[in-house]
Amino acid sequence: MNLILHKNKLELNHPFRISRWTYTHTQSLIVELQSDGFSGLGEATHNAYYLNTEIDYMHDRLTALKDQLSAIPILPPEDFWNIFQKELSDCPFALCALDEAYHDWYTKKKGIPLYKHWNLDINKHTPNSYTLSIDKIDVMVKRMKEHPWNIYKIKLGTERDIEMVEALRQHSKATFWVDANCAWTEDETIKKSKELSKLGVEFIEQPLPADEWDAMESVFQKSALPLIADESCKVFSDIEKCKNRFHGINIKVMKCGGLAPAKKMIKEARTHQLKVMMGCMTESTVGISAIAHLSPLIDYADMDGQHFIKNDPAEGVLVTSEKIVFPERNGTGVVFKNQQLHGCKSLIK
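Definitions and limits used
Residues numbered from 1 in each chain as written. Predicted model: local features only at pLDDT ≥ 70, side-chain atom pairs only at ≥ 80, totals over all residues. Heavy atoms only, no water. Salt bridge = Lys/Arg side-chain N within 4 Å of Asp/Glu carboxyl O. Helix = DSSP H or I, 4+ residues; strand = E, 2+ residues; numbered from the N terminus. Buried < 20%, exposed > 50% of the residue type's maximum accessible area, 1.4 Å probe, protein only. Axes fitted to C-alpha atoms, helices over the stretch in contact; angles between N-to-C directions. Parallel < 35°, antiparallel > 145°, perpendicular 65-115°, else oblique. Left-handed = near helix turned anticlockwise from the far one by under 90°. Contact = heavy atoms within 4.5 Å. Nonpolar A, V, L, I, M, F, W, Y, C, P; charged D, E, K, R; others polar. Expected span 1.5 Å × (residues − 1). Polar contact = N/O pair within 3.5 Å; in protein donor to acceptor, adjacent residues only side chain to side chain. pLDDT = per-residue confidence, 0-100. Pairing = 2+ DSSP bridges. Phe/Tyr/Trp six-rings, centres within 6.5 Å; stacked < 30°, edge-to-face > 60°. Core = buried A, V, L, I, M, F, W, Y, C linked by side-chain atoms within 4.5 Å.

**Q** Would you mind showing me how to read the pattern of salt bridges here?
**A** Side chains bearing opposite charge may pair, as long as their charged atoms lie close to each other. Here the structure, examined in full by the defined rule, presents 22 salt bridges. The salt bridge partner of D90 is R61, with a shortest N-O separation of 2.9 Å. Here D90 is found in the loop between α3 (77-87) and α4 (92-110), whereas its partner R61 is found in helix α1 (residues 55-63), with 29 residues between them in sequence. Residue classification places D90 among the partly exposed positions, given a relative accessible area of 38%. Here K153 ties to D179 by a salt bridge, and the two come within 3.6 Å at their closest N and O atoms. Placement of K153 in strand β5 (residues 151-155) and of D179 in strand β6 (residues 175-179) is noted, with a sequence separation of 26 residues between them.

**Q** Would you take a moment to explain the packing of helix α6 (residues 137-146) against helix α7 (residues 161-169) for this structure?
**A** Axis angle and axis distance: for two packed helices, these are the angle between their axes and the distance between the axes, and together they describe the pair. Interaxial distance between α6 and α7 falls to 10 Å at its minimum, and their mutual angle equals 40 degrees. Overall, the two elements α6 and α7 adopt an arrangement that is oblique. In this structure, the crossing between α6 and α7 has a hand that is right-handed. When α6 is examined against α7, the residues I137, M140, V141 and M144 are found in contact with a partner set consisting of E163, M164, A167 and L168. Among the residues making up the contact of α6 with α7, the classes are represented as 7 nonpolar, no polar and 1 charged.

**Q** Any chance you could explain helix α8 (residues 186-198) here in plain terms?
**A** Side chains that are three or four residues apart share a direction in an α-helix, a result of its 3.6 residues per turn. Here α8 contains 13 residues, and its C-alpha end-to-end distance of 19 Å stays within 8% of the 18 Å for a straight helix at 1.5 Å per residue. Every buried residue belonging to α8 is among T189, I190, K192, S193 and L196, and all of these are buried. Looking at the buried positions of α8, the neighbouring elements they touch are α7, β6, β7 (201-205) and α9 (213-222). Regarding α8, its N-cap is T185, as a side-chain oxygen of that residue lies 3.1 Å from the backbone nitrogen of E188 further along. Just beyond α8, the residue with positive phi is G200, at close to 80 degrees.

**Q** Just checking my understanding: could you explain the confidence of the model for the protein for this structure?
**A** The predicted coordinates should not be examined in detail at positions where pLDDT is low. Overall, the prediction assigns the protein a mean pLDDT of 96, with 97% of residues at 70 or greater. Contacts of residues 340-349 to residues separated by more than four positions or lying in other chains number 26 contacts, the stretch itself having pLDDT below 50.

**Q** What is the right way to read the pairing of strand β3 (residues 38-45) from this model?
**A** Regular strands show a simple pattern: their side chains alternate between the two faces of the sheet. In terms of burial, β3 is largely enclosed, as 7 of its 8 residues are buried. Inspection of the sheet shows strand β2 (residues 22-35) paired to β3 by 8 bridges, in the antiparallel sense. Residue pairing for β3: Q34 is matched across the bridge by S39. Hairpin remark: β2 followed by β3, antiparallel, with 2 residues in the connecting loop; positive phi at D36, about 55 degrees.

**Q** Teacher, can you tell me more about the packing of aromatic side chains here?
**A** By convention here, two paired aromatic rings are described through the distance between centres and the angle between planes. By the definition in use, this model includes 15 aromatic pairs. Summarising the aromatic geometry, the rings of Y130 and W149 are spaced 5.5 Å apart at their centres and angled 50 degrees between planes, so their arrangement reads as tilted. Taken together, the positions of Y130 in strand β4 (residues 130-132) and W149 in the loop between α6 and β5 put the pair 19 residues apart, joining distant regions of the chain. Between W177 and Y300, the ring centres sit 5.4 Å apart and the planes meet at 70 degrees, which makes this aromatic pair edge-to-face. Of the two residues, W177 sits in strand β6 while Y300 sits in strand β11 (residues 300-302), which places them 123 residues apart along the sequence.

**Q** Looking at this structure, how should I read the nonpolar core?
**A** In a soluble, globular protein the nonpolar side chains are often hidden away together inside. Grouped together as the largest cluster of nonpolar side chains are 107 residues, with contacts concentrated most on L33, L62, L98, I154 and M303. The biggest single contributor to this core is α4, with 10 residues. Other than its neighbours up to four places away in sequence, M303 contacts M278, C280, I288, I291, A292, S295, I298, V319 and I324.

What follows is the structure in structure tokens.
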């Protein structure tokens, strides 16, 4: 199996601000696996909140596996993941890209879409959100009107949080989800939950810093709204800790290391009666096409990353307000828009 790595700078349509920082672009590493006339694609993007996500670092870690990949036999994707998880246990974003690429390649070789390999019904409707990043209120209203979705995920973590949601509510009857990205305190969360509840907000995502487990127990008991874990729930072992602290979890395949562990996390969450959201890291259509195949298994979808990118290098699954549109192609359904990625640097090893 031949390994090809593509570096890409994904330019955003508008500056994207959350409570921690603002960014105008993101660095992406697309993994391509080639064998037997088929090519599989997966993706990881840089995120400064998480360790070992620098693009050059992930490139080097994956390049070190070239010989092992060249000799690997055809395996079920779960067995493939088990082998390379041992090599990349401290680098889950890179592991995720490799896992996505192998799932894509494996199901292309089988001649079926990934969802058919998993025996999933893609006609099951999963609510999808469009994210409104922190900005001036008039700009947030403008973005909302430009993108008329049924659900908006509103980034918060400012002194004007309630004012923002009040202003947006004046212009829309859509469902609102809010995400504080760890920016609030215990008392602040409880107080704001009551105000946000009156504004028709459905739930709050990650109000407190990720490791404030004791405070989350108190918030869980007193919040007027359900609570969804994101930064607090990275991998399988975090799920049990979320019970009685959160009402649901946001699984991101880069956090947990790929599609294979994400499926296990969904199953485990159900044993604890936790709702499941599937989120993204502002991936291009390469990454979105992979994670969208899990949509029949979840309650909420936050897979809008492709809508923020000017120079998306691929086409495949399209996530819209109404539905998730799967192309009539095998694998994850993703293909490059052209043979040589616009704005990408291919690193063939």
